[in-house]
Structures are given as structure tokens and as C-alpha cells.
Amino acid sequence: MDKPRATYLDHNATTPLHPEVKKAMTEAMEVFGNPSSYHEAGRQARELVENSRRVIADFIGAKPEEIIFTGSGSEANNAVFNALSNQPPARREIITTSIEHPCVLRAAAHMAESGVPVHYLDVDETGKVYLDQLESTLNDATALVSVMTANNEIGTIQDVGRIAKMCHERGSLFHTDAVQAVGKIPVNVNEIGADYLSSSAHKLYGPKGIGALYIRQGAPFEPLIQGGHQERGRRAGTENTIGIAGFAKAIEMRKAEMAEEAAHLAMLKLALRQGIERVIPEATFNGHPTDSLPGTLNVSFAQTRGEAIQLALDLEGIAVSTGSACSSGSLDPSHVLVAIGLPAAQALGSIRINLGRTTTPADIEQALQALARIVTRTGRAAHAGPGDCCCGGQCG
Ligand SMILES: Cc1ncc(COP(=O)(O)O)c(C=O)c1O
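Residues numbered from 1 in each chain as written. Predicted model: local features only at pLDDT ≥ 70, side-chain atom pairs only at ≥ 80, totals over all residues. Heavy atoms only, no water.

Undergrad: What's the story with the packing of helix 1 (residues 19–28) against helix 9 (residues 241–279) in this structure? I'm lost.
TA: Each pair of packed helices can be described by the angle between their axes along with the distance between the axes. Interhelical geometry of helix 1 versus helix 9 gives an angle of 150° and a closest axis separation of 8 Å. In terms of their interaxial angle, helix 1 and helix 9 are classed as roughly antiparallel. The chirality of how helix 1 crosses helix 9 is right-handed. Every residue of helix 9 that contacts helix 1 at Glu20, Val21, Ala24, Met25 and Ala28 is listed here: Ile242, Gly243, Ala245, Gly246, Lys249, Ala250 and Met253. Across the contact of helix 1 with helix 9, the residue classes break down as eight nonpolar, two polar and two charged. (Axes fitted to C-alpha atoms, helices over the stretch in contact; angles between N-to-C directions. Helix = DSSP H or I, 4+ residues; strand = E, 2+ residues; numbered from the N terminus. Parallel < 35°, antiparallel > 145°, perpendicular 65-115°, else oblique. Left-handed = near helix turned anticlockwise from the far one by under 90°. Contact = heavy atoms within 4.5 Å. Nonpolar A, V, L, I, M, F, W, Y, C, P; charged D, E, K, R; others polar.)

What follows is the structure, encoded as C-alpha cells:
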């Protein structure tokens, strides 16, 4: 019997390669030269890298020389915090938010450990940053404000243009982690007014292990990786030519497909949400009702655990994820769901469902039917006592 097609609804974790990206990467494998070499093989590789840089820059309204390639979105974000290592002591404070991706939160915490004052903005129940809190926190010592464009767990889109303007009025730099936004919604560095912007290929049907950082011309920067003169001296290391070619092709495909796909995903998401409301009326939804990534739905179920639902869905060939992190044997509720004010029990009963370019109405129907069955079953099990939990009572 044929194995049933797996239903992948975890596109914020990563995306499958677009078939055109696979082709482009296969072709790029023939371009073996080192882009820094002064011979024909090297020149071919250099051309591939620079053509790709142009495509990516153009997509977000940047100049090619304002883009550096990185090994990931995490590296791009870390590079921004590192960029401030040489700021004058009178202007070295950082402001970020309580709902950033761990790579931003850890980079900020690292700065705090080295004595830099770091302020964390709160968010309201939809995940939006309080702009009045930003206003009162910004001061003449603020060097950098880092606010993500869209959240990976609940999909909330911030008013980054307004935030950037507020930062500039107080003379501070603005970075946005746009890893979940680029390729899903229109992102333009000039419209935002960003000084730094991070993106990552594997979130937009490109390969893993390749990211890009926009650095506005003239913005301060210190290389995170020291060595050769690659990327105009801003990121050492021989370029990942195959990854870069894949990234550029993924962007080209986004340019062609993004708008139509966003409308399709928004429709599927609405159908999923309404379906859940119908079959599991006690379910509640997290994130902003309208300013939200088109394919992202985060939902909480009472009296059950997100992990139990995720595992049961996985057994039925449906991939979703939870926001909780397993650390030292206990499952902590997602910091994002806690930040929007969910009680721990409700946060722990949440899953995130992320639709993508190949998601069909049949996938939504399948997920809906499976959820209805599983939530009823796991809800009953949770009532029976901790020994019946998905983790055998370990998760506390
Ligand atoms: C918002 C956000 N920022 C940064 C990252 C890190 O990107 P990468 O996996 O390329 O390191 C992710 C990945 O999940 C993300 O969702």
C-alpha cells in the first residue's frame, strides 16, 4: 500500500525546497570556483554570488552592497548586536521585546552580561509592542532597538515603520528580524526605515544554512566573523555559492508567487479557524486578528497539552509544532504565549499550525478531523491525571 502523503503544516519551522530552487542549486554545483579567485572559475563563482545578491537586494528595496550573506538568520541577528560593540559608552543601551526569537534574546542577554543595559518591551494580548512604552524607554543613550517584523509563533506583524521612525527621532538605530516576514508579506527596507534587517532562505523555500543581513549604507558595523576580506570585509569565510544561488532563486519564486499565495493561505487559514471553532468550541486563538502572517494560526485547547496533540497528529502524518521548549526534563510554556498574557496551563495547551505554498483544502480538512478526535481524546486523558500525560508525568 502506498504511504499516505504527509501533511506538513510547520512552515514557520522550515519550508521544503521549491522545485525551481533545487534546479538552480543543482546547476550551481557546477560552479565550483572560489569567488575570491582571479581566474575564470573564480569569476564564474563571483558572478553567481553578485547576481544573487542583486536579486535579494532588489526584493527588499536595498542596494546590493548593503547586503551581506550569513550562515543563517541567527547569525544575521547576532551580527547586528555585535555591530554595536564599538559604540561610544554614552550611547550603548539596547531595547528589544519579550517575544523575539531566542537568537535575539540570547544575543541581548549576552550584551547584558557584558554590562550593556538592555530593556525588554512588553506586548499586548495580540502580541503588539506597546508604542507608548517604547516612547518612554527610548532615551539619548539608546544605541539600538530590535523589534521583529513578524512573530514565528503567533504571526503578529509589528508596526515596524512607525517604530523605526520613533527610534530615529531619538537618534537610535533600528534593526528588525524579518526572518518570518520576507517572502510572506511585502518587506521594503526603505518603507520601514530599517538600519539592519535579517532574513533566512530556509523560511521561504530556499536552502538551510544561508541568511542575509541588510546593513544600511553608513550604519555602524563590526564583523562577527573575522578573517578574509569577503563580503567587503564584513563577514569572512568563502561564500556558500550553492546556498546563495538557492536563496536567490527562492526569492525570484517569491516575487512571482507570494501575492497570490498569501491570499490563498489567508483563505485556508480562515477555513481552518472556523472549522476549529465549529468542532472544538472551547478553543481560543492567539495573535493579532488582522495584522498576522497569512499562513500562521496559533490555537490553545483547554485541558490538554500541545505536545500530546502534536505527537498524536504526527502519528497520523500531520506535522505541526508547539511553542514550548523542553529544558532539563521539564516543558516550559512558550515565552511568547506567556508574554501575551496566557496562563501557563493555556500556553501549554497550544499548538502552532503553519500553512505553506503546497497546502490544500484537503490538508485543512484532514487536520481538522484529526484535531477534533485528538483534542477530545487527550483532553479526557489529561483529566485522568498526570501519569496519563504524553510524557508520562515528566513534564510537570
Ligand atoms: C523570527 C525568527 N528569527 C530568527 C530565526 C533563526 O533563523 P535561522 O534558522 O536561519 O537561524 C528564526 C527561525 O526559526 C525565526 O523564526
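Undergrad: In this structure, what is going on with the site of the ligand? I would like to understand it.
TA: Around the ligand lies a shell of 14 residues, among which Ser74, Asp177, Gln180, Ser200 and Lys203 are the nearest. The separation between a nitrogen atom of the ligand and a polar side-chain atom of Asp177 is 2.6 Å. In the model, an oxygen atom of the ligand is placed 2.8 Å from a nitrogen or oxygen of the Gln180 side chain. Here the ligand has 390 Å² of accessible area as a free molecule, and 88% of this is covered by the chains. (Near = heavy atom within 4 Å. Polar contact = N/O pair within 3.5 Å; in protein donor to acceptor, adjacent residues only side chain to side chain. Areas by Shrake-Rupley, 256 points an atom, 1.4 Å probe, with all protein chains shown as cover.)

Undergrad: Looking at this structure, how should I read the pairing of strand 3 (residues 93–97)?
TA: For a regular strand, side chains alternate in direction, first toward one face of the sheet and then toward the other. The buried count for strand 3 comes to five of five residues, which makes it a mostly enclosed element. Burial along strand 3 is two-sided: the face carrying Glu93, Ile95 and Thr97 and the face carrying Ile94 and Thr96 are both buried. One ladder, built from three bridges, connects strand 3 with strand 5 (residues 142–146); its direction is parallel. Note that in strand 5 the partner of Ile95 across the bridge is Val145. The sheet contact formed by strand 3 and strand 4 (residues 118–121) spans four bridges and is parallel. (Buried < 20%, exposed > 50% of the residue type's maximum accessible area, 1.4 Å probe, protein only. Pairing = 2+ DSSP bridges.)

Undergrad: Honestly, unusual backbone geometry in this entry has me stumped. Any pointers?
TA: It is generally the case that most residues other than glycine have a negative phi and that most peptide bonds are trans. For Tyr205, which is not glycine, the phi dihedral falls at a positive 70°. Residue placement: Tyr205 occurs in the loop between strand 7 (196–200) and strand 8 (211–215). If you check the backbone angles, Arg232 has positive phi at about 55° while not being a glycine. By secondary structure assignment, the location of Arg232 is in helix 8 (residues 230–233). A relative accessible area of 64% places Arg232 in the exposed class.

Undergrad: How do you make sense of the nonpolar core when you look at a structure like this?
TA: Judged by nonpolar contacts, the single largest core of 61 residues is most densely connected at Ile60, Phe174, Val182, Leu197 and Phe247. The dominant element in this core, judged by the number of residues it contributes, is helix 9, at seven residues. Built from parts of two domains, this core gets at least three residues from each of domain 1 (7–15 + 257–388) and domain 2 (19–253). Leaving out residues up to four positions away in the same chain, Phe247 has contacts with Ile56, Phe69, Ser199, Ser200, Ala201, Leu204, Pro207, Ile210, Gly211 and Ala212. Core analysis: the second largest hydrophobic core is formed by 26 residues, Leu9, Leu368, Ala370 and Ile374 among them. (Core = buried A, V, L, I, M, F, W, Y, C linked by side-chain atoms within 4.5 Å. Domains from an automatic or database assignment.)

Undergrad: Just checking my understanding: could you explain the pairing of strand 14 (residues 350–354) for this structure?
TA: Where burial is concerned, most of strand 14 is hidden: five out of the five residues are buried. Burial of the side chains of strand 14 extends over both faces: Ser350, Arg352 and Asn354 are buried on one face and Ile351 and Ile353 on the other. Inspection of the sheet shows strand 10 (residues 296–300) paired to strand 14 by five bridges, in the antiparallel sense. Directly across from Val299, in strand 14, lies its bridge partner Ile351.

Undergrad: Would you mind showing me how to read the packing of helix 3 (residues 73–83) against helix 4 (residues 102–113) here?
TA: Two elements in contact, helix 3 and helix 4, have axes whose closest approach is 9 Å; the angle formed by their N-to-C orientations is 25°. Taken together, the axis directions place helix 3 and helix 4 in an arrangement best described as roughly parallel. Here helix 3 and helix 4 pass one another in a crossing that is right-handed. Of the residues in helix 4, those touching helix 3 at Ser74, Asn77, Asn78 and Phe81 are Cys103, Val104, Ala107, Ala108 and Met111. Its residues placed into classes, the contact of helix 3 with helix 4 shows six nonpolar, three polar and no charged.

Undergrad: Mind showing me how you'd approach the environment of Ala302 here?
TA: Following the sequence through the fold, Ala302 ends up in the loop between strand 10 and helix 10 (306–315). By relative accessible area, which is 41% here, Ala302 ends up partly exposed. Put simply, Ala302 and Gly349 are 47 residues apart on the chain and 6.3 Å apart in space, counted from C-alpha to C-alpha.

Undergrad: Hey, could you run me through the pattern of salt bridges in this one?
TA: For side chains of opposite charge, pairing can occur when their charged atoms come near one another. What the rule picks out here adds up to 22 salt bridges. Residues Lys128 and Asp159 are paired through a salt bridge, measuring 3.1 Å at the closest nitrogen-oxygen approach. Highlighted residues: Lys128 in the loop between strand 4 and helix 5 (131–137) and Asp159 in the loop between strand 5 and helix 6 (160–169), separated in sequence by 31 residues. Its salt-bridge partner being Arg216, residue Asp195 comes within 2.6 Å of it at the nearest N-O pair. (Salt bridge = Lys/Arg side-chain N within 4 Å of Asp/Glu carboxyl O.)

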